[in-house]
Amino acid sequence: MILEGLSHLLPEFLTDLLIASAFFACVAVFVTLRWMQQRGTKLAVERARMQRDRGLENMEKAVQQHWKEHPPQEAESILSLSLSQLAEKLKNGSLSPESVLYTYIEKALQVQKEVNCLTDFLPDCETLLQEVKKQKNKGLLYCVPISLKDDVGYKGHDNHVGLVHFLGKPAPEDSVIVQVLKKQGAIPFVKTNLPQSMINYDCSNSIFGQTLNPRNHKKTCGGSSGGEGALIAGGGSVLGVGSDVLGSIRLPCSFCGICGFKPTGYRLSTAGFETPVQGMKTAVSMSGPMARDVDSLVLFMKATLNEDMFTLDPSVPPLPFKDEVYSSKKPLRIGYFDTDGYFMPPPSARRAIQETKALLEAAGHELISFTPPRIEYALNELCIRGFFADGAATLSEKFDADIVDPHLQQQVTFWKLPTLAKKIMAFFMKPLYPRIAHHVNAHCGVGSVKGYWKHRTAIKEYVNEFIKEWRKLNLDVLLCPMLGPAFNVGCPGKLFAGFCFTMLYNVLNFPAGVLPVTTVTPEDEEELKNYKGYFDDPWDKELIKGVEGGVGLPVVVQCVALPWQEELCLRLMKEVETVSRRHDRK
C-alpha cells in the first residue's frame, strides 16, 4: 500500500524537483553573468585609470626632459598672454613653440594635481609640433597648445563620455574639428574630464572621479565640459574645445568664470564626437570654444569656419566668419530679462543683468525689456519630453554595465522607472509641487512615432512664436541670465532643472555665449538667505544649498542671437566685456 502511494507521488515530486532545479540554475547563471559583468566593469575602469596615470607620467617625463636640454623661459610671461598675443608671438618667432608647449604641459599637470581635470595625454603633440613648424603657411593657431573635452574624437584615443560602455573603443580617426584645428597649426595635447553620460552639470564619473573648481575646491567646475572649464580657469590651457547640448559649454564657463560660445547647430562640425544617445534632435548638440576672453572665441571661429571644414564635412553650410558684422560700431537694440517667470536666478545673477544693462545703455546701446514666451512649456513639453523621447530607455541602458556615479544616482534611478510609475509619481506630486510634477511627467517621453511627429511640429511652431516676439521689438540680440555662481559639489545632480537657463537656446537652435561680468558680494550672499524663488518648493530650496558660500566667485551673463548670426552674438559679448572691464578699472 505504501509502495503504491510512493510510486504515484514520485513523478510529481520529480517534476517539482526539475522545476526548482531549473529555477535555481537560472538564478545561478544570472548571478554569475552579473558578477562577470561587474568584474569586467571594474577591470575596464582599472585599465582606464592605469592608462591615464601612464599618460600623466609621460607628461612629466616629457617636461623634465625638455627643460633638461633647454633652459626654461619664464612660465608666467607665457601663461599670462591672451590667445591672440600668444598666437602673434609664435608666428613672429619671438616665442619658441617648444617652450610654449612644455610650459602649458607643466601647468596642466599642476592644475590636474589640484582639481583632477585630465583624462588623457596626447603624446603625438610633440611630433605634431615639429611637423607644424615645417609648414610654409602658418595658420591662425600656429603652434598654439589646445585642450579637448573627452567626447571630442582623437585618433587612437577613447572618447568615453564618462561611461564604461565606451571604454576600449579608440576613435579610428580625428574628428573633423580636430582635423581643421590641426590644419590651422593648433597642437592638441590633453583631453579633459566630464560627468558620467554628460547629462549632468557636475563633473564626476565612476572612471576618473570628481573634478573640482580651481577657484574654490568645495565647488564643482560644472558640466558637462567641466574638465575644460577647470583646466582653462586654472591656467593650464589657453583654448579648449567643448560641446553643448543643454548648456554643457555655458554652465562650466559660468561656474569657472571664463568665456564660452555655442554656435547655431551645424555651423561647426560635430562629426567624430561621441554621445550616449545617437539621433537625438530635440536639443541640438554643438561643438564650440572655451577660453579666457571673447577675442579668443572669435579667433577660434575664424580658424574653423573655412574651406577645410566645409570640405571635410559637407553638412556644414559654407558660411565663412563675417568680420564686418562682428567689427561694426553701430549701436545695438538689445532685449533683456533678469528672470523668466519659471526659475528665479540667484540674487547675484539678477544683479549682473541689471548692472550690465546700465553699462550698455551708458555706452549708447538701446535696451528693451523682453519676456520669453511660455518658458515652462518650452522646457518641459519641448525640451525634456523630446530629449527623453523614449522615456530615457536608450540612455538608461548605457548604465547597465557601469558603476553609477553617486552624484548621478538619483537621476539614473528616476530614468529607469517604468513610464507608468513616472505618471503616477507626477499625479500625486501635482497638488503639492506642480512645477516638479510637470517636469516628472515630461520624462515619460512622446509615447509613439505619431507623438514624435507632433512633438517636432510643436518645436517648429514655438521657434516661430519666439522669433515673432523678437521681431515685434526689432531686436538685434538678447541679454539674459545664467545659472551661477558655482554650485557646491554634488548639488547639480539633485537639480536637473538647473539646465533651464541654457537648454532653451538648444531647442530654439540660437547661438549663445557667456562671459563673466562681476563676482558674488557679501550682500548677494545675505540676500540669498531670503530667496524663495517662484514656488518655494524643493527645487528653490536646493538652489540655495547649491550656490551658498559663493562670495568672490565669478558671475556671468548670457548673450543670444538669432540662428546663423554668430558674429552678432559675439559682438554683443565683446561689447559686454568692454563695458564691464572699463567699469572694473574705475
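Refer to the structure printed above.
Rules used in this analysis
- The written sequence of each chain sets the order in which its residues are numbered from 1.
- Residues qualify for local features only when their pLDDT is at least 70, as the model is predicted, and side-chain atom pairs are given and counted only at 80 or more; totals for whole chains, interfaces and linings, by contrast, use all residues.
- Only hydrogens and water are set aside when side-chain values are computed; all heavy atoms of the structure are taken into account.
- An axis is simply a line fitted to the C-alpha atoms; with a helix, the fit covers only the stretch in contact. Between two such axes, the angle follows the N-to-C directions and lies from 0 to 180 degrees.
- For the purposes of this entry, the term helix denotes a DSSP run of H or I that reaches at least four residues, the term strand denotes a run of E that reaches at least two, and both are numbered from the N terminus.
- The scheme is simple: roughly parallel for angles under 35 degrees, roughly antiparallel for over 145, roughly perpendicular for 65 to 115, oblique for anything else.
- Handedness of a crossing is defined here by the sense of rotation of the near helix relative to the far one, left-handed for an anticlockwise turn of less than a right angle and right-handed for a clockwise turn.
- Any two residues whose heavy atoms approach within 4.5 Å are treated as being in contact.
- Only Asp, Glu, Lys and Arg are considered charged, only Ala, Val, Leu, Ile, Met, Phe, Trp, Tyr, Cys and Pro nonpolar, and every remaining residue, Gly among them, polar.
- Burial classification: accessible surface area is computed with a 1.4 Å probe over protein chains only, and a residue below 20% of its type maximum counts as buried, one above 50% as exposed, and the rest as partly exposed.
- Note that the arc is defined by the directions from the helix axis to the C-beta atoms.
- DSSP bridges decide pairing: two strands pair if at least two such bridges lie between them.
- Counted as salt bridges are all cases of a side-chain nitrogen of Lys or Arg within 4 Å of a carboxyl oxygen of Asp or Glu.
- Pairs of N or O atoms within 3.5 Å make up the polar contacts considered here, provided that, within protein, one atom can donate a hydrogen while the other can accept it, and that residues adjacent in sequence are counted only when both atoms are side-chain atoms.
- If you view a crossover with the strands going away from you and the path from the first strand over the helix to the second runs clockwise, you call it right-handed.
- Only centres within 6.5 Å qualify two rings of Phe, Tyr or Trp (six-membered ring in Trp) as a pair; their planes then separate them into stacked at under 30 degrees, edge-to-face at over 60, and tilted for everything else.
- Think of it as a cone above the ring: NZ of Lys or CZ of Arg counts as a charge over the ring if it is within 6 Å of the ring centre and within 35 degrees of the ring normal.
- Grouping into patches uses exposed residues only, defined as over 30% relative accessible area, and leaves out salt-bridged ones; the cut-off is 9 Å for like charges and 5 Å for nonpolar side chains (Val, Leu, Ile, Met, Phe, Trp, Tyr).
- To measure how exposed things are, a 1.4 Å probe is used in the Shrake-Rupley method; for residues, cover is taken only from the protein chains shown.
- The set of buried Ala, Val, Leu, Ile, Met, Phe, Trp, Tyr and Cys residues whose side-chain atoms join them within 4.5 Å is what this entry labels a nonpolar core.

**Student:** Hey, could you run me through the packing of helix H9 (residues 294–304) against helix H22 (residues 566–585) in this one?
**Tutor:** H22 packs onto H9 with a crossing angle of 160° between their chain directions and a minimal axis gap of 9 Å. It follows from the interaxial angle that H9 and H22 lie roughly antiparallel. Every pair of crossing elements has a handedness; the one defined by H9 and H22 is left-handed. On H22, the residues touching Val294, Asp295, Leu297, Val298 and Met301 of H9 are Glu566, Leu570, Met573, Lys574 and Glu577. When grouped by side-chain class, the residues that make up the contact of H9 with H22 number six nonpolar, no polar and four charged.

**Student:** Looking at this structure, how should I read helix H3 (residues 83–91)?
**Tutor:** Residues spaced three or four apart along an α-helix point in a common direction, a consequence of the helix completing one turn every 3.6 residues. Taken together, the buried positions of H3 are occupied by Leu83, Leu86, Ala87 and Leu90. Each buried residue of H3 lies within a common arc of 95° when the element is viewed along its axis, so the set occupies one face. Residues of H3 that are buried in the fold lie against helix H2 (75–79), helix H4 (97–115), strand S8 (239–244) and H9. Looking at the residues trailing H3, positive phi occurs at glycine 93, about 85°.

**Student:** Would you explain the sheet that holds strand S13 (residues 477–480) in this entry?
**Tutor:** Note: strands within a sheet are paired through backbone hydrogen bonds, in either parallel or antiparallel orientation. Pairing is mixed in the open sheet, where eleven strands are placed in the order S1-S3-S2-S8-S10-S9-S14-S15-S13-S11-S12. One side of each edge strand has no neighbouring strand; the edge strands of this open sheet are strand S1 (118–121) and strand S12 (366–369). With strand direction ignored, the average angle separating the axes of adjacent strands in the sheet is 30°. Each of S1 and strand S3 (187–192) is contacted by helix H5 (residues 125–134), which is oriented at about 155° to S3, the strand it contacts most.

**Student:** Could you clarify how one ought to interpret the pattern of salt bridges in this entry?
**Tutor:** Pairing between side chains becomes possible if they bear opposite charge and their charged atoms approach one another. For the structure shown, the criterion picks out 27 salt bridges. Salt-bridge contacts for lysine 541 lead to aspartate 536; the nearest nitrogen and oxygen are separated by 3.3 Å. Among the charged side chains, a salt-bridge network with shared partners connects Arg267, Lys322, Glu566 and Glu567.

**Student:** I'm lost on the side chain of arginine 571 in this one. Help?
**Tutor:** Assignment of secondary structure puts arginine 571 in helix H22. At a separation of 3.0 Å, a polar atom in the side chain of arginine 571 contacts the main-chain carbonyl oxygen of serine 328. Beyond its immediate chain neighbours, meaning those up to four positions away, arginine 571 contacts Val325, Tyr326, Ser328, Lys329, Lys330, Pro331, Leu332 and His365.

**Student:** What's the story with unusual backbone geometry in this structure? I'm lost.
**Tutor:** In terms of backbone geometry, most residues other than glycine have negative phi values and most peptide bonds are trans. Cis geometry marks the peptide bond from glycine 223 to serine 224, where omega comes out at 10°. Its place among the elements puts serine 224 in the loop between strand S7 (216–220) and helix H7 (226–233). For the bond from glycine 484 to proline 485, the omega torsion is 5°, close enough to zero to count as cis. Within the secondary structure, proline 485 sits in the loop between S13 and helix H19 (500–507). One non-glycine residue, methionine 198, adopts positive backbone phi at about 70°. A residue is classified by how much of its surface remains accessible, and methionine 198, at 9% relative accessible area, is buried. For tryptophan 564, which is not glycine, the phi torsion reads 70° and is therefore positive. Following the sequence through the fold, tryptophan 564 ends up in the loop between strand S15 (554–560) and H22.

**Student:** Could you clarify how one ought to interpret the pairing of S12 in this entry?
**Tutor:** Two faces belong to every sheet, and in a regular strand the side chains alternate between them. Two strands pair when backbone bridges link them, and strand S11 (residues 333–336) and S12 are joined in this way by four bridges, in the parallel orientation. Its bridge partner being in S12, tyrosine 336 is matched across the sheet by serine 369. The β-α-β motif built from S11, the intervening helix H12 (residues 347–362) and the parallel element S12 has right-handed crossover chirality.

**Student:** Hey, could you run me through the side chain of threonine 119 in this one?
**Tutor:** Among the secondary structure elements, threonine 119 is positioned in strand S1. For threonine 119, a relative accessible area of 4% corresponds to the buried category. Polar contacts involving the side chain of threonine 119 include one to the side chain of aspartate 150, which spans 2.4 Å. Once you skip the residues sitting within four places of it in the chain, threonine 119 turns out to touch Arg52, Asp150, His160, Lys191, Thr192, Asn193 and Phe208.

**Student:** How do you make sense of the packing of aromatic side chains when you look at a structure like this?
**Tutor:** Enumeration according to the criterion identifies 19 aromatic pairs in this entry. Through a chain of ring-to-ring contacts, the aromatic side chains of Tyr201, Phe255, Phe387, Phe388, Phe399, Trp415, Phe487, Phe496 and Phe499 assemble into a single cluster. The ring of tyrosine 377 carries arginine 374 above its face, with NZ or CZ at 4.2 Å from the centroid. One residue, arginine 435, lies across the ring of phenylalanine 343, its end atom 4.6 Å from the ring centre.

**Student:** What is the right way to look at the packing of helix H13 (residues 375–387) against helix H17 (residues 434–442) in this model?
**Tutor:** At a minimum axis distance of 8 Å, the contact between H13 and H17 shows a crossing angle of 25°. One finds that H13 runs roughly parallel with respect to H17. Crossing hand, H13 versus H17: right-handed. Counting all contacts with H13, which are made through Glu376, Asn380, Ile384 and Arg385, the residues of H17 involved are Arg435, His438, His439, Asn441 and Ala442. Here the contact of H13 with H17 is built from residues that sort into two nonpolar, four polar and three charged.

**Student:** In this structure, what is going on with a nonpolar patch on the surface? I would like to understand it.
**Tutor:** A grouping of Leu420, Ile424, Phe427 and Phe428 is seen on the molecular surface, where their side chains present a nonpolar patch of about 490 Å² in accessible area. By the secondary structure assignment, leucine 420 is in helix H16 (residues 419–429).

**Student:** Even after reading the chapter, I still don't get the nonpolar core, so can you show me in this structure?
**Tutor:** Grouped burial of nonpolar side chains is what soluble globular proteins tend to show. Grouped together as the largest cluster of nonpolar side chains are 179 residues, with contacts concentrated most on Leu86, Ile105, Phe343 and Tyr505. Here this core takes nine residues from H4, the largest share from any one element. Membership of the second largest hydrophobic core comes to seven residues, among which are Val45, Val164, Leu167 and Phe208.

**Student:** Could you clarify how one ought to interpret the environment of valine 557 in this entry?
**Tutor:** Among the secondary structure elements, valine 557 is positioned in strand S15. In this structure valine 557 comes out as buried when scored by relative accessible area, which is 0%. Along the primary structure valine 557 and methionine 573 are separated by 16 residues, whereas in three dimensions their C-alpha atoms are 9.1 Å apart. Ignoring any residue separated from it by four or fewer positions in sequence, one finds valine 557 in contact with Ala352, Ile353, Thr356, Leu479, Cys480, Met482, Gly513, Val514, Leu515, Val517 and Val576.

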